[in-house]
Amino acid sequence: MFKKILIANRGEIALRVIRTCREMGIQTVAVYSTADRESLHVRFADEAVCIGPPASRQSYLNIPNIISAAEITNADAIHPGYGFLSENAEFSRICADYGIKFIGATAEQINFMGDKATAKATMRAAGVPVIPGSEGLLDSVEQGKELAKGIGYPVIVKATAGGGGRGMRIIKEESEFQKAWDDAKMESGAAFGNDGLYLEKFVEEPRHIEIQVVGDQYGKVCHLSERDCSIQRRHQKLVEETPSPVVTPELRERMGQAAIKGASAINYEGAGTIEFLVDKYGEFYFMEMNTRIQVEHPITEEVTNFDLIKEQIKVAAGEPISGQNYTPQRYAMECRINAEDPANGFRPSPGKITQLHFPGGHGVRIDSHVYAGYTIPPNYDSMIAKIIVSGQSREEVMTRMKRALQECVIEGIKTTIPFHIRLMDDPGFKSGIFTTKYLESFDFGGL
Ligand code: MV4
C-alpha cells in the first residue's frame, strides 16, 4: 500500500481524498495556490506545498510544480480528483515516468477516451450500443449530407475532441448542414486544436444516465449501478440521483453489462463512468467515458456502502476487487450547492461567507470545504458544498432533501439553495419523468 499520497486538487474533493487516506493510515500532501492558503485541505493534510499563484494554469494545472512537490515530499502516488489534471494524458505519463503512481487512467486510455470518435468505435466493436451515425470522422459536407439522408434528420455533428457539450451543432434539415459544419469546425479547431467532426442521429429529449464501474489490475470489472444526471443547466449538473426513476432491474442489468464490456475492452483499471443517453423508448446508447472519480460519486457510495476513493486507492496499489455487481436497495440524491445566483442566470457569487450552518440528521451527508469566515475565491469553480441525502424511497429522499436544504444557512453570498428547494416541490421533478431539457422551461423567477 502507498505510504504517502499527494492530492493534486483543491476544495471538497481534496478533503474527500484526505479523509479516506487518513482512515487508511496513508500520509497526505496538499498542494495549494496562494488563493487557497486558508483552505481546509491545506489544514487537514499532513503536509502542504504552495504550487503557485491563483490562476489554475500556474498552480493546479502546473505539472512541473506539482511533480516537484511530490518529489520533495517523497509521495509515492498522486490522486488528481476531478477536473484539473484528472484526465490529462501528459500528466498521467509524466507521473509514470517519475515512478509516481497516478490514481487514474493511463495516458493511453485517456487519449483513447478523449477522442470521441475513437472511443465510440471501440465501444461499438466491444458490443456496446452506440447512436447510429458516421463510422469515424466525416471527410466532407457532401459525405455528411449523404449519411444524414439515410439516418434521417435531425442529426448532430460533434467535435471528436469535444465533450461536455462543446463543439456540437444540431441540424434539423439539409439546408442547415453547411453552416452547422462550418461553425462546429471553427469552434472545435479554436477550442481543442482539432477540428475533426463525426455525425450522429440526434436523440430528442433523452435522459443522461451513467454507470459507475471499477476495474482492477487483473482484468476484472464490476459495475455499481447507475446515476441519473438529467437535471442539468447548460451542461452543468445540478442534481443527481440513484437509482434512476426510469431504470428497471432488467435495463440496469443490460446497461451494467454493456458498461462492463466497454471498460473491459480497454483493460480499464480504477473507477470510471460510462455515460449513456436513454431515449423515450428506453433504448440506451454510449455517449462518453469518464476516466476519473466524478463529483456525484457520493450517491453511489450511499446506496452501495462502498468508499469509492478507497476502492480507487486499493486497485491502484494492486489489490483485486471482489467483482460483484450491485443491485440498489436504497435511494440517494445529491444537490450541488454553488456560489451562484439562480434568480439571475446563475451568475457567480464569490465572496466571504459570513454565517454558516450545515444540515445534519438521519440520512444527511455534507461534502464541503467551506466554513464561516471563509472567502470563496473567484478563480475556480463555484461549487461550495454537496448535500447528499439517502433513504428508503425516492419520496423519502426528496422530503429529507427539502428539510436539509431548509436547515442550511449560508450568508454573505448567493447560492443555488432556493432553486433546489423549489425543485423538491416541483410536480414534474417529483413525478420522476423528465429529460435533460427539463430546466430549459423551469421558472427561476423570484428565487
Ligand atoms: C447528444 C444528444 C442528442 N443526440 N447526442 C451533450 C454533452 C455531450 N456529452 C453530448 N451531449 C448530447 N449528445 C445525440 N446523438 C444530446 C446531448 C445533450 C445532453 C446530453 C446529456 C445531458 C445533457 C444534455 C444537454 C444537451 C444535449
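Predicted model, so just to flag it, every value in this text is computed and none were measured. (Residues numbered from 1 in each chain as written. Predicted model: local features only at pLDDT ≥ 70, side-chain atom pairs only at ≥ 80, totals over all residues. Heavy atoms only, no water.)

### Observations concerning the side chain of Lys4
So, step 1. Among the secondary structure elements, Lys4 is positioned in strand β1 (residues 4-7).
So, step 2. A relative accessible area of 15% places Lys4 in the buried class.
So, step 3. Within the structure, the side chain of Lys4 is placed 2.6 Å from the backbone oxygen of Thr73, a separation counted as a polar contact.
So, step 4. Excluding anything up to four places from it in sequence, Lys4 contacts Ile26, Gln27, Val29, Glu47, Thr73, Asn74, Ala75, Asp76 and Ala77. (Helix = DSSP H or I, 4+ residues; strand = E, 2+ residues; numbered from the N terminus. Buried < 20%, exposed > 50% of the residue type's maximum accessible area, 1.4 Å probe, protein only. Polar contact = N/O pair within 3.5 Å; in protein donor to acceptor, adjacent residues only side chain to side chain. Contact = heavy atoms within 4.5 Å.)

### What about the pattern of salt bridges?
So, step 1. This model, assessed by the stated rule, comprises 33 salt bridges.
So, step 2. Across the salt bridge formed by Arg336 and Glu296, the nearest N and O atoms sit 3.0 Å from each other. Here Arg336 is found in strand β14 (residues 331-338), whereas its partner Glu296 is found in the loop between β13 (284-290) and α10 (297-304), with 40 residues between them in sequence. Accessibility assignment for this pair places Arg336 and Glu296 in one class, buried.
So, step 3. Asp425 is paired through a salt bridge with Lys402; the nearest N and O atoms lie 3.2 Å apart. Of the two residues, Asp425 sits in the loop between α13 (417-424) and α14 (427-431) while Lys402 sits in helix α12 (residues 394-407), which places them 23 residues apart along the sequence.
So, step 4. The exposure class assigned to Asp425 is partly exposed, which follows from its relative accessible area of 39%. (Salt bridge = Lys/Arg side-chain N within 4 Å of Asp/Glu carboxyl O.)

### Focus: the sheet that holds strand β7 (residues 166-171)
So, step 1. Reading across the sheet, the three strands line up as β7-β6-β8 and stay open at both edges, with antiparallel pairing between neighbours. Every other strand in the sheet has two partners, leaving β7 and β8 (197-201) as the edge strands with one partner each. Sheet twist, expressed as the mean angle between neighbouring strand axes with direction ignored, is 25°.
So, step 2. Pairing of strand β6 (residues 155-163) with β7, which is carried by five bridges, proceeds in the antiparallel orientation. Bridged to Ile156 within β7 is Ile170. (Pairing = 2+ DSSP bridges. Axes fitted to C-alpha atoms, helices over the stretch in contact; angles between N-to-C directions.)

### Digging into the packing of helix α1 (residues 11-24) against helix α11 (residues 308-316)
So, step 1. For the pair α1 and α11, interaxial distance at closest approach is 9 Å and the crossing angle is 65°. In the packing of α1 onto α11, the handedness of the crossing is right-handed. Where α1 abuts α11, its residues Arg16, Val17, Thr20, Cys21 and Met24 lie against Leu308, Ile309, Lys310, Ile313 and Lys314.
So, step 2. Its residues placed into classes, the contact of α1 with α11 shows six nonpolar, one polar and three charged. (Left-handed = near helix turned anticlockwise from the far one by under 90°. Nonpolar A, V, L, I, M, F, W, Y, C, P; charged D, E, K, R; others polar.)

### What about the sheet that holds strand β5 (residues 101-102)?
So, step 1. Judged by pairing direction, the sheet is parallel, and its five strands sit side by side in the order β3-β2-β1-β4-β5 without closing on themselves. Strands with a single pairing partner mark the edges of an open sheet, and in this sheet they are β3 (47-52) and β5.
So, step 2. Looking at chain direction, β1 and strand β4 (residues 77-79) are connected through three bridges and run parallel. What sits directly across from Ile5, in β4, is Ala77.

### Notes on the domain arrangement of the protein chain
So, step 1. On domain assignment, one finds that the protein chain holds domain 1 (4-103), domain 2 (132-201) and domain 3 (207-441).
So, step 2. Centre-to-centre, using C-alpha coordinates, domain 1 lies 37 Å away from domain 2. (Domains from an automatic or database assignment.)

### A few points about the site of the ligand
So, step 1. In the vicinity of the ligand lie 16 residues, with Lys158, Glu200, Lys201, Val203 and Glu288 positioned nearest.
So, step 2. Lys158 is positioned such that a nitrogen or oxygen atom in its side chain is 2.9 Å from a nitrogen atom of the ligand.
So, step 3. Here Glu200 contributes a side-chain N or O atom positioned 2.8 Å from a nitrogen atom of the ligand.
So, step 4. Contributing elements (two or more residues each) for the shell around the ligand: β6, β8 and β13.
So, step 5. Counting residues domain by domain, the shell around the ligand receives three or more from each of domain 2 (132-201) and domain 3 (207-441). (Near = heavy atom within 4 Å.)

### Let's talk about the pairing of strand β2 (residues 27-33)
So, step 1. For β2, the buried fraction is high: six of the seven residues fall into the buried class.
So, step 2. Crossover β1 to β2 through α1 is right-handed.
So, step 3. Here five bridges tie β2 to β3, and the two strands are oriented parallel to one another. Bridging across to β3, Val31 finds its partner in Val49. (Right-handed = clockwise from strand over helix to strand, strands pointing away.)

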